[in-house]
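The primary structure of each chain is shown beneath.
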Amino acid sequence: MPTSATVPLRSAPVDIRRRRRAARVQAGLALPCQHADPDLWFAVSPVDLERAKGLCRPCPVRAECLTGAVRRGEPWGVWGGEIIDRGTVITHKRGPGRPPRSALADSG
């Protein structure tokens, strides 16, 4: 017979996540994506995306973040210090507007 002190199984994973997050904060593992504006990691502006990448550089879980994003097939954003666009890691993102002349010359 369960007692009132028994923790239901459904809440256990949430409690574990909270404890892990608290342990990271105590250990000084404050992740930049948890403290900066979340929209920065999903910005349209190439300048903002590069800023987000810069914030990711010293992150202690950078490699795991990128691996997880690729495995999940994230459609866009900055993950693990890399820009993902349409599920593919790209080196940089062009701003909106006309394509470069070299792209026009190649297609014609």
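Residues numbered from 1 in each chain as written. Predicted model: local features only at pLDDT ≥ 70, side-chain atom pairs only at ≥ 80, totals over all residues. Heavy atoms only, no water.

### Examining the overall build of the protein chain
Link 1 in the chain: Across its full length, the protein chain carries five helices and three strands.
Link 2 in the chain: Evaluated residue by residue, the protein chain yields a buried proportion of 19% over its 108 residues.
Link 3 in the chain: Look at the contacts in the protein chain between residues 6 or more apart in sequence, and 36% of them connect residues 24 or more apart.
Link 4 in the chain: In the structure as shown, the protein chain presents an accessible area of about 8400 Å², 58% of it carried by carbon and sulfur atoms. (Helix = DSSP H or I, 4+ residues; strand = E, 2+ residues; numbered from the N terminus. Buried < 20%, exposed > 50% of the residue type's maximum accessible area, 1.4 Å probe, protein only. Contact = heavy atoms within 4.5 Å. Areas by Shrake-Rupley, 256 points an atom, 1.4 Å probe, with all protein chains shown as cover.)

### What to know about the pairing of strand S1 (residues 76-79)
Link 1 in the chain: Relative to strand S2 (residues 82-85), S1 runs antiparallel, the two being bridged by four bridges. Within S2, the position partnered with Trp79 by the bridge is Glu82. (Pairing = 2+ DSSP bridges.)

### Looking at the confidence of the model for the protein chain
Link 1 in the chain: For the protein chain, the mean per-residue pLDDT works out to 77, and 65% of the residues sit at or above 70.
Link 2 in the chain: Scored below 50 in pLDDT, residues 7-12 shows zero contacts in the model against residues more than four places distant or in partner chains. (pLDDT = per-residue confidence, 0-100.)

### Some points on the pattern of salt bridges
Link 1 in the chain: On inspection of all chains with the given rule, the structure shows three salt bridges.
Link 2 in the chain: Between Asp48 and Arg51 there is a salt bridge; the shortest N-O distance is 4.0 Å. You can see Asp48 and its partner Arg51 sitting in helix H3 (residues 46-56), three residues apart, about one turn around the helix.
Link 3 in the chain: The partly exposed category is assigned to Asp48, whose relative accessible area is 27%.
Link 4 in the chain: Residue classification places Arg51 among the exposed residues on the basis of a relative accessible area of 51%.
Link 5 in the chain: The salt bridge partner of Arg72 is Glu74, with a shortest N-O separation of 2.9 Å.
Link 6 in the chain: Residue Arg72 is classed as partly exposed on the basis of its relative accessible area of 47%. (Salt bridge = Lys/Arg side-chain N within 4 Å of Asp/Glu carboxyl O.)

### So, the packing of aromatic side chains
Ring pairs (aromatic) are described by centroid distance and by the angle formed between their planes.
Link 1 in the chain: In the structure shown here, the tally under the stated rule is one aromatic pair.
Link 2 in the chain: Where Phe42 meets Trp79, the ring centres are 5.9 Å apart and the plane angle is 75°; that geometry is what we call edge-to-face. Here the residue Phe42 occupies a position in the loop between helix H2 (32-35) and H3, and Trp79 occupies one in strand S1, the gap between them amounting to 37 residues.
Link 3 in the chain: According to the relative accessible area criterion, Phe42 is partly exposed, its value standing at 40%.
Link 4 in the chain: Lying across the ring of Trp79, Arg72 places its NZ or CZ 5.2 Å from the centre. (Phe/Tyr/Trp six-rings, centres within 6.5 Å; stacked < 30°, edge-to-face > 60°. Lys NZ or Arg CZ within 6 Å of the ring centre and 35° of its normal.)

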